[in-house]
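Architecture at a glance
In case you want the letters, here they are:
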Amino acid sequence: VARTELVRRARDGDRDAYDILITESIDAMYRVARLILRDYDRASDAVQEALVSCWRDLPHLRDPERFDAWRNRILLRAITEEARRRRRDAVVLSVIPIGSHPDASAALADRDELARVFGRLSVEHRTIVVLHHYLGMTADEAASTIGIPVGTAKSRLHYATEALRAALDADARAAKGRVSA
Amino acid sequence: MTTRHELDRSISTWLQAEAPDRAPDDVLEASRERLRHTRQRRAWMPAWRYSPLNNLAKAAVAAAVVLVVGFAGYQLLPRTGGVGGQPTVAPSPTPSLLARGTFTALDGWADVEIDATGGGSDVSGRLVATAQTGTFTIDLECARSTADGLLWIGGDVTASTDTTYALQGSRTAIVFKRGTPAQAVFVFQINDPRSASCLAFFDDMLKIDDPTGALRPIEGTVELAP
């Protein structure tokens, strides 16, 4: 069954069709939530909330072919809500992956520094970084997905990218200092 | 200094490595469990409200349509007296009965109680709805039957905790379609100028859209004027 047909069926209340859709979507949604929220429980809660909201509001989706973009908007809202809800007791986790890395040239120290700085960014800045650098969206597409002006998206992306650049440069300088010492 | 290209590559590579391969199984299971108990919000907002083609809608009345569903219209009531029913051969308790019943609308969106008599611009009665968005009361003022078999009953929202649809002081209507099961839809005037009268509200709404497509069956009973 074509994906748009599944969306149509789900929109008409077909729970089985929706189950297929969420089974296909949940991994991608969880990756985005986990990257932005940096926490297993919070990412799980945001994804659950988004999936329930999508089901509840699916009859409002006019164009089934826009399902993914529409779902992403709902997911980002859920992520933002989750971040706000738990801001007080938020704990930033820096997770260094264990195992093979797609780019062997990336130093562990770089990753550690990126994780540290990324974790210190606001959820809004982390969101734009993930949309642009992970999902490959342009600033225009990210702005549309988040629901903010393009200028704001570009500004956030610039700020976040420069913060990450500073982290990498600082780490590079430290490494050079260690080598020359 | 890290070049832009190197920086972009580093960030993307790092994010790819950071992202988990898949969601934990318990997220999917927990989501499924929640979904089992979650109903969809049906299409309360008619498509015209968002349609760029419908400029008239922007200039005229902005309304939201809420479908109300219900099982068993008066046609389903037993022909002889019995528990929960009324003999349809007997005269109506009030000759000018317009609508009376208790039902659940919109697949559970609202529990509705309506008791109205009269017709035209001389309607009295009240509709009380306990909806997911709040509780509201409509003092009913007017009614109209249309050629296509719809019964419009309208009035003002005189009490409401609903700040989404049934705004206090706004014109609102419920539209019934007779049948088995009976169907219904709410029409709310939300953010446009208040119609000049209760009956004018029906006209204003019909200029924008036909609510027939938004009708949904109800769960419960409603007795409607013939």
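Here, every reference points to the structure presented above.
One structure accompanies this document, and this report is about it. (Residues numbered from 1 in each chain as written. Chains lettered and ligands numbered in written order. Predicted model: local features only at pLDDT ≥ 70, side-chain atom pairs only at ≥ 80, totals over all residues. Heavy atoms only, no water.)

**Topic: the overall build of chain B**
Rules: Numbering of helices and strands runs from the N terminus; a helix is a DSSP stretch of H or I covering at least four residues, while a strand is a stretch of E covering at least two. For this analysis, residues touch if any pair of their heavy atoms sits within 4.5 Å. Computed by Shrake-Rupley with a 1.4 Å probe, the accessible areas treat only the displayed protein chains as cover when residues are assessed.
Within chain B, the regular secondary structure consists of 4 helices and 9 strands. In chain B, 57% of the contacts between residues at least 6 apart in sequence involve partners at least 24 apart. Counting every atom, chain B has about 10400 Å² of accessible surface; 53% of that belongs to carbon and sulfur.

**Examining the side chain of Thr38(B)**
The cut-off we apply is this: Polar contacts here mean pairs of N or O atoms no more than 3.5 Å apart (in protein, one a potential hydrogen donor and the other a potential acceptor; neighbouring residues in sequence count only if both atoms are side-chain atoms).
Mapped onto the elements of the fold, Thr38(B) is located in the loop between helix 2 (25-36) and helix 3 (55-59). In terms of polar contacts, Thr38(B) uses its side chain to reach the backbone carbonyl oxygen of Arg34(B), at 2.7 Å.

**Focus on the packing of helix 3 (residues 40-57) of chain A against helix 2 of chain B**
The line we're drawing: To obtain each axis, a line is fitted to C-alpha atoms, and for helices this fit is confined to the stretch in contact; angles are then taken between N-to-C directions over 0 to 180 degrees. Handedness of a helix crossing follows the sense of rotation of the near helix relative to the far helix, less than a right angle counterclockwise being left-handed and clockwise being right-handed. Think of it as three bins: nonpolar holds Ala, Val, Leu, Ile, Met, Phe, Trp, Tyr, Cys and Pro, charged holds Asp, Glu, Lys and Arg, and polar takes everything else, Gly as well.
At a minimum axis distance of 9 Å, the contact between helix 3 of chain A and helix 2 of chain B shows a crossing angle of 35 degrees. When the axes of helix 3 of chain A and helix 2 of chain B are compared, the crossing they make is right-handed. Note on element contacts: helix 2 of chain B touches helix 3 of chain A through Asp26(B), Val27(B), Ala30(B), Ser31(B), Arg34(B) and Leu35(B), opposite Tyr40(A), Ser44(A), Val47(A), Gln48(A), Glu49(A), Leu51(A), Val52(A) and Trp55(A). Class assignment of the residues belonging to the contact of helix 3 of chain A with helix 2 of chain B gives a composition of 8 nonpolar, 3 polar and 3 charged.

**Some thoughts on the pattern of salt bridges**
Just so we agree on the cut-off: We count a salt bridge whenever a side-chain nitrogen from Lys or Arg sits within 4 Å of a carboxyl oxygen from Asp or Glu. For every residue, the accessible area obtained with a 1.4 Å probe (protein chains only) is divided by the maximum for its type, and the residue is called buried under 20%, exposed over 50%, and partly exposed between those limits.
Evaluation of the coordinates by the stated rule reveals 19 salt bridges over all chains. Notably, a salt bridge pairs Arg32(B) with Asp19(A), separated by 2.6 Å at the nearest N-O pair. With one member in each of two chains, Arg32(B) in helix 2 and Asp19(A) in helix 2 (residues 15-37) form a pair that bridges those chains. One salt bridge in this structure joins Arg144(B) and Asp203(B), with 2.7 Å as the shortest N-O distance. Separated by 59 residues along the polypeptide, Arg144(B) in strand 5 (residues 134-145) and Asp203(B) in helix 4 (residues 198-208) bring together distant segments of the chain. The exposure class of Arg144(B) is partly exposed, given its relative accessible area of 25%.

**Concerning the packing of helix 6 (residues 123-134) of chain A against helix 7 (residues 139-146) of chain A**
Helix packing for two helices is described by the angle between their axes and how far apart those axes are. Residues and elements named next belong to chain A. Under the convention used in this document: Geometric relationships in this document are graded by angle, where less than 35 degrees denotes roughly parallel, more than 145 denotes roughly antiparallel, 65 to 115 denotes roughly perpendicular, and other angles denote oblique.
Contact geometry for helix 6 and helix 7: axes closest at 9 Å, N-to-C directions at 130 degrees. Classified by the angle between their axes, helix 6 and helix 7 sit oblique to one another. Viewed along their axes, helix 6 and helix 7 form a crossing whose handedness is right-handed. Residues Thr 127, Ile 128 and Leu 131 of helix 6 lie in contact with helix 7, whose contacting residues are Ala 142, Thr 145 and Ile 146. Class assignment of the residues belonging to the contact of helix 6 with helix 7 gives a composition of 4 nonpolar, 2 polar and no charged.

**Focus on the interface of chain A and chain B**
Applicable threshold: When two parts are put together, the accessible area they lose, computed with a 1.4 Å probe and summed over both, is reported as buried area.
Listed as interface residues are 49 residues of chain A and, on the opposing side, 42 residues of chain B. When the two sides are added together, the surface that chain A and chain B hide from each other amounts to roughly 4200 Å², 59% of it contributed by carbon and sulfur. In this structure, the connection of chain A to chain B is made through 3 salt bridges. Measuring nitrogen to oxygen at the nearest pair gives 2.8 Å for the salt bridge that ties Glu18(B) to Arg38(A). The tally of links from chain A across to chain B stands at 15 residue pairs in polar contact (both at pLDDT 80 or more).

**Focus on the packing of aromatic side chains**
Our working definition: Only the six-membered ring of Trp is used, alongside the rings of Phe and Tyr, when aromatic pairs are assigned; centres must lie within 6.5 Å, and planes under 30 degrees apart are stacked while those over 60 apart are edge-to-face, with the rest tilted.
Evaluation of the coordinates by the stated rule reveals 9 aromatic pairs over all chains. Taking 5.1 Å as the distance between ring centres and 70 degrees as the angle between the ring planes, the aromatic pair formed by Phe118(A) and Trp14(B) counts as edge-to-face. Within this pair, whereas Phe118(A) is found in helix 5 (residues 108-120), its partner Trp14(B) is found in helix 1 (residues 4-18), the two belonging to separate chains. Between Phe103(B) and Phe176(B), the aromatic rings sit 5.9 Å apart at their centres with planes inclined by 80 degrees, giving edge-to-face as the arrangement. Separated by 73 residues along the polypeptide, Phe103(B) in strand 2 (residues 97-105) and Phe176(B) in strand 7 (residues 171-177) bring together distant segments of the chain. With respect to burial, Phe103(B) and Phe176(B) carry one shared label: buried. What links up through ring pairs into an aromatic cluster is the set Phe136(B), Phe186(B) and Phe188(B).

**Thoughts on the environment of Ala143(A)**
Residues and elements named next belong to chain A. With respect to the helices and strands, the residue Ala 143 is situated in helix 7. The sequence separation of Ala 143 and Lys 154 amounts to 11 residues, and the corresponding C-alpha distance is 8.3 Å. Those residues within four positions of Ala 143 in sequence are excluded, and the remaining contacts are Ile 148, Pro 149, Val 150 and Ala 153.

**Overview of unusual backbone geometry**
A cis geometry characterises the amide bond from Thr180(B) onward to Pro181(B), with omega recorded as 0 degrees. Mapped onto the elements, Pro181(B) comes out in the loop between strand 7 and strand 8 (183-189). Notably, Arg38(A) is not glycine yet its phi reads approximately 65 degrees, a positive angle. For Arg38(A), a relative accessible area of 5% gives the class buried.

**Notes on the side chain of Thr172(B)**
In this structure, Thr172(B) sits in strand 7. Sequence-distant contacts of Thr172(B), that is, excluding residues within four places in its chain, are made with Ile138(B), Ile153(B), Gly154(B), Gly155(B), Val157(B), Phe186(B), Val187(B), Phe188(B) and Phe201(B).

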